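# Descriptive structure summary
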Amino acid sequence: MAFGWIDEQAELRRRAGLVRALRPRAADTPLLDLASNDYLGLARHPEVTEGAARAARTWGGGSTGSRLVTGTTELHAELERELAGFCGFEAALVFSSGYAANLAAVTALAPHGSRIVSDAGNHASLIDGCRLARGTTRVAAHADPDAVRKALDGHRGPAVAVSDTVFSVDGDAAPLTGLAAACREHGAGLVLDDAHGLGVLGDGGRGAPYAAGLAGADDVVVTVTLSKSLGSQGGAVLGPARVIEHLVNTARTFVFDTGLAPAAVGAALTALRLLRREPGRAARAGEAARELHCRLTAAGLEAVRPDAAVVSVRAPSPEQAVRWAADCRAAGLAVGCFRPPSVPDGVSRLRLTARADLSGAEIERAVRVIGETRP
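Residues numbered from 1 in each chain as written. Predicted model: local features only at pLDDT ≥ 70, side-chain atom pairs only at ≥ 80, totals over all residues. Heavy atoms only, no water.

### Observations regarding the overall build of the protein
From N to C terminus, the protein includes 14 helices and 11 strands. For a compact globule of 375 residues, the expected C-alpha radius of gyration is about 21 Å, and the protein comes in at 21 Å, within 12% of that figure. For the protein, the spread of C-alpha atoms along the principal axes amounts to about 55 × 55 × 50 Å. The proportion of buried residues among the 375 residues of the protein is 52%. (Helix = DSSP H or I, 4+ residues; strand = E, 2+ residues; numbered from the N terminus. Rg over C-alpha atoms; globule rule 2.2 N^0.38 Å. Buried < 20%, exposed > 50% of the residue type's maximum accessible area, 1.4 Å probe, protein only.)

### Things to note about the sheet that holds strand β9 (residues 310-314)
Strand order in the open sheet formed by four strands is β1-β10-β11-β9, and the pairing between neighbours is mixed. Edge positions in the sheet fall to β1 (32-34) and β9, since each of these pairs with one other strand and no more. Each adjacent strand pair in this sheet contributes to an overall mean axis angle of 35°, direction not counted. Where β9 lies against strand β11 (residues 349-353), five bridges are found, and the strand directions are antiparallel. Following the sheet pairing, V310 is matched in β11 by T353. Against the sheet, helix α12 (residues 280-298) engages β1, β9 and β11, with an angle of about 20° to β9. Contacting β1, β10 (333-338) and β11, helix α14 (residues 360-373) runs over the sheet at an angle of about 80° to β1. (Pairing = 2+ DSSP bridges. Axes fitted to C-alpha atoms, helices over the stretch in contact; angles between N-to-C directions. Contact = heavy atoms within 4.5 Å.)

### Focus: the environment of S163
Structurally, S163 is set in strand β5 (residues 159-164). The exposure class of S163 is buried, given its relative accessible area of 3%. As for S163 and P175, which are separated by 12 residues in sequence, their C-alpha atoms are 9.8 Å apart. Dropping the residues within four chain positions of it, S163 is found in contact with D119, N122, L126, A174, L179, V191, L192 and D193.

### A few points about unusual backbone geometry
A positive phi angle is found at T64, which is not glycine, with a value near 75°. In this fold, T64 is placed in the loop between α2 (46-59) and α3 (74-87). According to the relative accessible area criterion, T64 is exposed, its value standing at 65%. Although it is not a glycine, A143 adopts a positive phi angle of roughly 55°. Considering the arrangement of structural elements, one finds A143 in the loop between β4 (136-140) and α6 (145-152).

### Details of the sheet that holds strand β8 (residues 235-239)
In space, the seven strands of this open sheet follow the order β2-β8-β7-β6-β5-β3-β4, with mixed pairing throughout. Among the strands making up the open sheet, the edge pair consists of β2 (91-95) and β4. Going across the sheet, the axis of each strand differs from the next one's by a mean of 20°, ignoring polarity. The pairing of strand β3 (residues 115-119) with β5 spans four bridges and is parallel. Looking across to β5, one finds that I116 is bridged to V160. Lying over the sheet, α6 contacts β3, β4 and β5, oriented at roughly 160° with respect to β3.

### Focus: the nonpolar core
Counting residues in each nonpolar core, the largest one holds 62 residues, and the members touching the most others are L79, L83, V148, L190 and L238. It is helix α11 (residues 262-277) that contributes the most residues to this core, nine residues altogether. Structurally, this core is a two-domain feature, drawing no fewer than three residues from each of domain 1 (26-44 + 279-373) and domain 2 (46-277). When neighbours within four sequence positions are excluded, L190 is seen to be in contact with V160, A161, L179, A180, C183, L214, D219, V220 and V221. L292, L296, A315 and L352 belong to the second largest nonpolar core, which has 26 residues in total. (Core = buried A, V, L, I, M, F, W, Y, C linked by side-chain atoms within 4.5 Å. Domains from an automatic or database assignment.)

### Overview of the packing of aromatic side chains
Each aromatic ring pair is characterised by the separation of its centres together with the angle its planes make. Taken as a whole, this structure holds one aromatic pair when the rule is applied. Plain terms: the ring middles of F95 and F254 are 5.6 Å apart, the flat faces sit at 65° to each other, and that makes the pair edge-to-face. Of this pair, F95 sits in strand β2 while F254 sits in helix α10 (residues 252-255); the two residues are 159 residues apart in sequence, bridging distant segments of the chain. For the pair formed by F95 and F254, the shared burial category is buried. (Phe/Tyr/Trp six-rings, centres within 6.5 Å; stacked < 30°, edge-to-face > 60°.)

### Some thoughts on the domain arrangement of the protein
For the protein, the assigned domains are domain 1 (26-44 + 279-373) and domain 2 (46-277). The straight-line distance from the C-alpha centre of domain 1 to that of domain 2 is 25 Å. Each side of the interface is counted separately: domain 1 has 24 residues, and domain 2 has 27 residues. For the pair domain 1 and domain 2, the two sides together bury roughly 2000 Å², of which 62% comes from carbon and sulfur. Among the residues of domain 1 in contact with domain 2, L42, P279 and D307 are the three that bury the most area, contributing 27% of the side total. Seen at the junction of domain 1 and domain 2, the total is two salt bridges. The salt bridge involving D170 is made with R314; its shortest N-O contact spans 3.3 Å. Here domain 1 is connected to domain 2 by seven residue pairs in polar contact (both at pLDDT 80 or more). Contributions of two or more residues to the side of domain 1 that touches domain 2 are made by α12, β9 and β11. Residue contributions to the side of domain 1 that touches domain 2 peak at three residues, all from β9. (Buried area = accessible area lost by both parts, 1.4 Å probe. Salt bridge = Lys/Arg side-chain N within 4 Å of Asp/Glu carboxyl O. Polar contact = N/O pair within 3.5 Å; in protein donor to acceptor, adjacent residues only side chain to side chain.)

In structure tokens:
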């Protein structure tokens, strides 16, 4: 029978406690949200939603084509200029998603004969970029510059190391200066996914590479998402102008994909300008994460110390993690639930995201619910 193997796979997922399902949310919900990636609380900000609406009224509901045909508006170019300037890079290129941006950066910068060194804790989009690239990938131990050095040793062709700046599972930060030093010793490029750093780390939220002094370097390329701190949708690659020009001509997820919808561009541009005007939002997101971690550990829970705005709490098993998250939801708290294969170490956990607009009372409520529902 066609696709009969799907039933077998479904049964294996059920037995392992790894079944996933869509859960449509209403426009208004009483749940306290610690599950989304809206780190700065901008997704529903009146200025941001009006920016989206204004762009849709001006440019239409869709971009109407690929970026190289009709899908680039003046608004796209404006966002690229301001995003590059804010983060300290020479140029930027906007994609339809952060996932597409990562695929573009890795595949276009790792030609045949190249070596890619990928951190063991990297996001799935970076991993998929490595799989699709024509270069050969070596996986390096998590957050270990010496492991990157060893993986690059002896290679004489083009090379690039690929890493998240802040890892999405536990919220720990990569040793960026150490990674850059390891790459420079071997003449390799460095591609950094700053999805969880933009808007939270660096001066006024300019990102982890900016904070590490790597912004604008000719051997560093950074990808970002517009769907987290900027409360919109889409992604971008930042770097030297010649790298961005190379992506325009060679990155398949740019050349053959429909351009990002004007409403998303307008929302992201408005959010970026709001962040520039209110830089304290970035610091508040980090403060909320640290307070959340402090209260969780004080309550006897095993929580990982956050380097940005992600806080994870270890769970005994996938099944118990699912039940724990469901019990939290029933008690009025939305939390993320990460299980294999989303977690590289195989340890299931609740994943909490702190927001700049979280109050002390909301943090206290969240900790109380998590503690009362623990397995």
